[in-house]
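# Fold and geometry: a report
Each chain is listed here by its residues.
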Amino acid sequence: MRLKIALVSVLCMLLNTVACADPLIVVGHKNPDSDSIFSAISLAHLRSQQGIAAVPVAQGKPNPETQFALDFFGLEAPTLLMKVAGRKVALVDHNHYAQAPDDIRQADIVEIIDHHNLGGVSTAEPIEVLIKPVGCTSTIIWQLYQRANISIPPAIAGGMLSAILSDTLIFRSPTTTDQDRAAAENLATIAHVNDIQKYGQSMFLAGEADLKTAVIHLLIHRDLKNFEMNDNKIAVAQLMAVSFDLLKDRKEAFLEEMRKLQKEYAYKTVILMLTDIKNEGTELLLIGKNAQHIAQAFNLVLKNDSVWIPGMMSRKKQMIPALEKVFDKETS
Ligand SMILES: [Mn+2]
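Here is what the cut-offs are and how they apply
- Residues numbered from 1 in each chain as written.
- Predicted model: local features only at pLDDT ≥ 70, side-chain atom pairs only at ≥ 80, totals over all residues.
- Buried ≥ 20, exposed ≤ 12 C-beta atoms within 10 Å, placed from the backbone.
- Helix = DSSP H or I, 4+ residues; strand = E, 2+ residues; numbered from the N terminus.
- Pairing = 2+ DSSP bridges.
- Right-handed = clockwise from strand over helix to strand, strands pointing away.
- Core = buried A, V, L, I, M, F, W, Y, C linked by C-beta atoms within 7 Å.
- Contact = placed C-beta atoms within 7 Å.
- Axes fitted to C-alpha atoms, helices over the stretch in contact; angles between N-to-C directions.
- Parallel < 35°, antiparallel > 145°, perpendicular 65-115°, else oblique.
- Left-handed = near helix turned anticlockwise from the far one by under 90°.
- Nonpolar A, V, L, I, M, F, W, Y, C, P; charged D, E, K, R; others polar.
- pLDDT = per-residue confidence, 0-100.
- Expected span 1.5 Å × (residues − 1).
- Arc of directions from axis to C-beta.

This part is about the pairing of strand β1 (residues 24-27). Burial along β1 is two-sided: the face carrying Leu24 and Val26 and the face carrying Ile25 and Val27 are both buried. As paired elements, β1 and strand β2 (residues 54-58) share four bridges and run parallel to each other. Counterpart to isoleucine 25 in the pairing with β2 is valine 55. Once you follow β1 into helix α3 (residues 34-49) and on to β2, the crossover reads as right-handed.

So, in structure tokens, the structure goes:
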């Protein structure tokens, strides 16, 4: 098997055929998190092992948490690539146009592997799509490795483990499934991580090391996602921390930056979820005319542009569905 792949690559180099020269681009969402980075790395490796030339790319630099994991396991960050027109592309960890490269409509999407709601991507040809309601895209990719009976290099396994711990908040998020736990345990064994909890905590701490000092503008964009709901443009950012005070202390500065963002990009609503990992809840900061309606959707009242929602941990599973309902009744 290995020999066959090596031969194929040598042939590719000699012939330099179009198919070989134009590898599959594997890309995660904008403002990439650990899952977007490690899903791209792990899927590109899997496809390469299966004889499909593939390269992982990212639409942004790794955040401090992801960089910690890359360094810990000795992996390189994927190359930055914002333009994909004319290329063959696999989308991982997203399937919304708003989160894909800007010129994605001029690209040839050939595959989607994700764990988010279907977001309206359409294609001219039938493609491979695998979307599952699990806690992390890396869990789905782990299952693909199992099915293909292809072994995962320890470093990549460590990256995939980090993605699962990040997305599931070390299995605390309501998005966590038994499949995520099974994948994480196996990946930890491959990556020689003896204590999953301990590793996860050191990763989160590394991720929040600069919450006190980082420029507010950069912090908000660290995990900001764009959504279109009923023709309304919405931004929902999320920052989470074990040391929650580091976030709360900067609330006024966050709100000021959110007002700027709303004006600059004509958002109907800008939302920032400040999630307290230890006490399991979210301080929701809301800017927009319908901010009070959003608070009411949770039977709460907005005060000073913010509201504390106990138990709120997941943008995907808790926040976005609630917003969809509010915006269903909202005109643009
Ligand atoms: Mn993810």
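After that view, the rundown keeps rolling.
With that out of the way, let us pick up the nonpolar core. The biggest cluster of nonpolar side chains holds 52 residues, and the ones touching the most others in it are Val26, Ala40, Leu43, Met160, Leu161 and Leu187. Core analysis: the second largest hydrophobic core is formed by 33 residues, Leu169, Ile234, Leu286 and Val307 among them.

On to the sheet that holds strand β5 (residues 108-114), then. Strands sit in the order β3-β2-β1-β4-β5-β6 across an open sheet of six strands; the sheet is parallel. Here the strands that pair on one side only, and so sit at the sheet edges, are β3 (79-80) and β6 (128-131). Most of the contacts of α3 go to β2, to which it runs at about 170°, and overall it touches β1, β2, β4 (88-92) and β5. The sheet contacts of helix α5 (residues 137-148) involve β4, β5 and β6, and relative to β5 the element is tilted by about 100°.

For the rest of this paragraph, the subject is the pairing of strand β8 (residues 232-241). A large share of β8 lies buried, amounting to seven of its 10 residues. When strand β7 (residues 224-229) meets β8, the two strands line up antiparallel, connected through six bridges. Counted as the bridge partner of methionine 229 is asparagine 232 from β8. Between β7 and β8, which follow one another and run antiparallel, lie two residues, and asparagine 230 among them has a positive phi close to 50°. By the bridge criterion, eight bridges tie β8 to strand β9 (residues 269-276) in an arrangement that is parallel. Considered in β9, the bridge of alanine 237 is made with leucine 272.

A word on unusual backbone geometry. You will see that glutamate 280, though not glycine, has its phi angle at about 50°, which is positive. Note that glutamate 280 resides in the loop between β9 and β10 (281-287). If you check the backbone angles, aspartate 305 has positive phi at about 65° while not being a glycine. Within the secondary structure layout, aspartate 305 lies in the loop between α12 (291-297) and β11 (306-310).

Turning to helix α4 (residues 64-73), its buried residues are Glu65, Thr66, Phe68, Ala69, Leu70 and Phe73. Where α4 is buried, its residues touch α3, α6 (154-167) and α8 (196-207). Among the residues trailing α4, glycine 74 stands out with phi positive, at a value near 70°.

Turning next to the packing of α4 against α8. At a closest axis distance of 7 Å, the pairing of α4 and α8 adopts a crossing angle of 130°. As far as their axial angle goes, α8 and α4 are oblique. At the point where α4 passes α8, the crossing takes the right-handed sense. Contacts between α4 and α8 involve Pro64, Glu65, Phe68 and Ala69 from the former and Met203, Phe204, Ala206 and Gly207 from the latter. Looking at the contact of α4 with α8, its residues break down into six nonpolar, one polar and one charged.

Residue-level pLDDT values for the protein chain average 92, and 93% of them are 70 or greater. Confidence drops under pLDDT 50 across residues 1-6; counting only partners more than four residues distant or on other chains, this segment forms two contacts. Low pLDDT (under 50) marks residues 15-19, which in the prediction has three contacts with non-local residues, meaning those over four places away or in another chain.

Given a rise of 1.5 Å per residue, 12 residues ought to cover 16 Å, and the 16 Å separating the end C-alpha atoms of α8 matches this to within 8%. Burial in α8 covers these residues: Tyr199, Gly200, Met203, Phe204 and Gly207. Buried residues of α8, viewed axially, fall in a sector of 135°; they line one side. Away from the buried face of α8 by more than 90 degrees, exposed residues Gln197 and Lys198 are located. Among the structural elements, α4 and α6 are those in contact with the buried residues of α8.

Inspection of the secondary structure puts histidine 94 in the loop between β4 and β5. We classify histidine 94 as buried; it has 26 C-beta atoms within 10 Å. The sequence separation of histidine 94 and histidine 116 amounts to 22 residues, and the corresponding C-alpha distance is 6.4 Å. The contact partners of histidine 94, leaving out residues within four places of it in the chain, are Gly28, His29, Gln99, Ala100, Asp114 and His116.

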